[in-house]
Amino acid sequence: MTEPKDFKQLSPEEKLSARIDAWLAGENIVFDNVQAKAGFQERVGRLANAIRLKEPDRVPAVPILGIFPAYYAGISVKEALYDYDKMASANRKFVLDFDPDVNAMGTGFIPGKALEILDYQMVRWAGHGLKDNTPYQYLEAEYMREDEYDELINDPSAFMLYKYLGRICKNLEPLKKLPSLLYTQEIATLASNLPMIGNPELQESLKALLAAGNEANRWWQVRNSCVQQSAAAGYPMLDGGYSKAPFDLIGDTLRGTIGVIKDMYRQPDKLIQAMDRLIPLVIKMGVEAVKWGGSPIISVPLHKGSDVFMSDEQYRKFYWPSLKALVIGLTREGLVPRLFAEGSFNDRLELIQELPPACCLWYFDKTDMVRAKKILGKNACIMGNVPASLMVTGTPEKVRKYCLDLIDNVSQGGGFILSAGSVLDEVKPENLKMMLETARTEGKY
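Here's what I pulled together on the structure shown here. (Residues numbered from 1 in each chain as written. Predicted model: local features only at pLDDT ≥ 70, side-chain atom pairs only at ≥ 80, totals over all residues. Heavy atoms only, no water.)

Attention shifts here to the side chain of Asp101. On the secondary structure map, Asp101 appears in the loop between helix H5 (84-98) and helix H6 (112-118). Judged by relative accessible area, Asp101 falls into the buried class, the value being 2%. Only 2.9 Å separates the side chain of Asp101 from the side chain of Arg58, close enough to count as a polar contact. From its side chain, Asp101 meets the backbone nitrogen of Ala61 in a polar contact 2.7 Å long. Excluding anything up to four places from it in sequence, Asp101 contacts Arg43, Arg46, Leu47, Arg58, Val59, Pro60, Ala61 and Pro236. (Helix = DSSP H or I, 4+ residues; strand = E, 2+ residues; numbered from the N terminus. Buried < 20%, exposed > 50% of the residue type's maximum accessible area, 1.4 Å probe, protein only. Polar contact = N/O pair within 3.5 Å; in protein donor to acceptor, adjacent residues only side chain to side chain. Contact = heavy atoms within 4.5 Å.)

This next bit is on the packing of aromatic side chains. Tallied over the entire structure, the rule returns 17 aromatic pairs. Judged by centre distance (5.9 Å) and plane angle (85 degrees), the ring pair of Phe68 and Phe98 falls under edge-to-face. You can see Phe68 sitting in helix H3 (residues 68-73) and its partner Phe98 sitting in helix H5, a full 30 residues away along the chain. Grouping residues by exposure puts Phe68 and Phe98 together as buried. With a centroid separation of 5.0 Å and 75 degrees between ring planes, the pair formed by Tyr72 and Phe98 is classed as edge-to-face. A residue pair is termed long-range when its members are at least 10 positions apart, and Tyr72 in helix H3 and Phe98 in helix H5 qualify at 26 residues. Residue classification places Tyr72 among the partly exposed positions, given a relative accessible area of 22%. Put simply, the rings of Phe247, Phe309, Tyr315, Tyr319, Trp320, Phe345, Trp362 and Phe364 pair up and form one aromatic cluster. (Phe/Tyr/Trp six-rings, centres within 6.5 Å; stacked < 30°, edge-to-face > 60°.)

Between H5 and helix H10 (residues 200-232), the shortest axis-to-axis distance is 9 Å and the interhelical angle comes to 20 degrees. Between H5 and H10, the interaxial angle falls into the category roughly parallel. The way H5 lies across H10 gives a crossing that is right-handed. Every residue of H10 that contacts H5 at Tyr84, Asp85, Met87, Ala88, Asn91, Arg92 and Val95 is listed here: Glu215, Arg218, Trp219, Val222, Arg223, Cys226, Gln229 and Ser230. Partitioning the contact of H5 with H10 into residue classes produces seven nonpolar, three polar and five charged. (Axes fitted to C-alpha atoms, helices over the stretch in contact; angles between N-to-C directions. Parallel < 35°, antiparallel > 145°, perpendicular 65-115°, else oblique. Left-handed = near helix turned anticlockwise from the far one by under 90°. Nonpolar A, V, L, I, M, F, W, Y, C, P; charged D, E, K, R; others polar.)

A few words now on the nonpolar core. Core analysis: the biggest nonpolar cluster contains 109 residues, and Leu323, Trp362, Phe364 and Leu432 have the highest contact counts within it. Not counting the four nearest positions on each side in its chain, Phe364 is found in contact with Ala341, Phe345, Leu349, Ile352, Met369, Ala372, Leu376, Ile382, Met383, Gly384, Asn385 and Gly421. In terms of nonpolar packing, the next biggest core, distinct from the first, is built from 24 residues, Leu16, Ala231, Phe340 and Leu361 among them. (Core = buried A, V, L, I, M, F, W, Y, C linked by side-chain atoms within 4.5 Å.)

A few words now on the layout of surface pockets. By volume, the second largest pocket is sized at about 280 Å³. In terms of lining residues, the second largest pocket is bounded by 14 residues, among which Pro12, Glu13, Pro357, Ala358 and Cys359 are the most central. When residues of the lining of the second largest pocket are traced back to their parent elements, those giving at least two are helix H1 (12-25) and helix H14 (312-331). Among the elements that make up the lining of the second largest pocket, the one with the highest residue count is H1 (four residues). Residue composition of the lining of the second largest pocket, by class: eight nonpolar, three polar and three charged. (1 Å grid on protein atoms, 1.4 Å probe; cavity = no way out; pocket = protein on both sides within 12 Å on 5 of 7 lines; lining within 4 Å. Points joined across faces, edges and corners; volume = space filled by probe spheres on them.)

Below is the structure:
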């Protein structure tokens, strides 16, 4: 199924409707049976109505998972990262046993062997720097120096290729020896620069890149088959793509937290200029990730936008303008940003009303949901807030009570999706089942 020829001439609202209709049809899916197709369309319709601020048949329940399927299936995290068939089997077991409204494919499953081949520096993972049953952990550092903003601004792709990649993947460091793509415009300059490819170190780097690509492709094929099998059984994916807020793109894995905080004071204009330069690129990142007929929802984690990270004045200056531009850019393409507001966003609620109605999905962690509903209820769908700590240490009855309070106080009029406030790893299975069951039995409109 391909994008309609007249799609680009449609309004943003018409584009979203076309994407949702294609998602709902499930035309690319070979369903297991008639009941599976009906279940798929029921789940997609439930999510679509919530996003459009309408009342579905009941409150949707969406678990956002890290590596919980591995724990639940009784395999180690290391096995899930290196044995892709075991990873897929664990995910299928979770979906069939828990019967969620989406296929909550664990976000913590990465291709360990591919990262080893590249000598990836930014993360430790199970079997590579961590014990076999541990979620992966980021190693934050200044992978972009404070004096390199102009290089990033002038040519982001060249900066990533010639400098950044070699810093986060040690075996790709020789890529800095690649000739500039500018030299390919004429036969003479191309011919005179091709010998650079003969550099032994560069060739070893290219071999590593090829080997990692082949390994990652093997992982992707198994993962994609798992997604297709779950869809055939009636379970859609929640997210169709991924993007990042420009501030977080710089502050997470380029400059790092300490680096970006220093830049806010020492070179604020360069930081803002760089974020502005990245806006069209992060919009493109989300748009190009979505396949026609799949979910139009784009996951956008907001790592450094919380109340406790920066003041309201700083948020308005450094964070909000480029995030707002990203959201509007994605919605113009008929996409739905799922903005993961990590931490609390209680001080941001009035400001984020500036976004167009029913254009995004706010996934709240510790934000006051009653207040969020009051302020955003006619503007945006909200989801989340069941504390991860409660899901890990509480009892099923306490989980049920918390979920009932949310349903009673936040679900009125639609525009609400029940979910834990953050990604779940070592959650009690009985608590997660209770969250889903409460939505099914108590969340009816």
